[in-house]
Amino acid sequence: SRLSALMALVETRPGQHWTTESMAREACLSVSRLHALFRSELDTTPAAWLMQVRLERVQEWLARTNQPIAQIAVAAGYSDQNALTRAMRKANGITPAAWRRQAKARA
């Protein structure tokens, strides 16, 4: 897939300031072609996929580290802890602190 190299890069650097334009440039594609490939291969948009990658990484870090949530937020590409909290609430209905507590309780 033309997306696999891009996806691997983004997954290793989720905190980088990724835009649809920068992802398209990295994949040597136009923005419209990037959108078309994401739709046909993953049934999503580049922005939605990036958000999912970032949230998965945040959840992993919350479960496995004791890093402050604000630090995790910035490392994952969010502007601050509030932006991360809003994203997690919207996606999962739970705050980062509550996610961490639940993950620690499961472990």
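That block above? That's the structure.
Residues numbered from 1 in each chain as written. Predicted model: local features only at pLDDT ≥ 70, side-chain atom pairs only at ≥ 80, totals over all residues. Heavy atoms only, no water.

**Section: unusual backbone geometry**
Right, on to step 1. Unusually for a residue other than glycine, Cys-28 sits at a positive phi of about 60 degrees.
Right, on to step 2. Residue placement: Cys-28 occurs in the loop between helix H2 (20-26) and helix H3 (31-42).
Right, on to step 3. Note on Cys-28: relative accessible area 66%, which makes it exposed.
Right, on to step 4. In this structure, Asp-43 is a non-glycine residue whose phi angle is positive, near 55 degrees.
Right, on to step 5. Summarising the element assignment, Asp-43 is placed in the loop between H3 and helix H4 (46-64). (Helix = DSSP H or I, 4+ residues; strand = E, 2+ residues; numbered from the N terminus. Buried < 20%, exposed > 50% of the residue type's maximum accessible area, 1.4 Å probe, protein only.)

**A word on the environment of Gln-59**
Right, on to step 1. Relative to the assigned elements, Gln-59 resides in helix H4.
Right, on to step 2. Since its relative accessible area comes to 14%, Gln-59 is described here as buried.
Right, on to step 3. The sequence separation of Gln-59 and Cys-28 amounts to 31 residues, and the corresponding C-alpha distance is 31 Å.
Right, on to step 4. The contacts of Gln-59, once residues within four sequence positions are left out, are Met-88, Asn-92 and Trp-99. (Contact = heavy atoms within 4.5 Å.)

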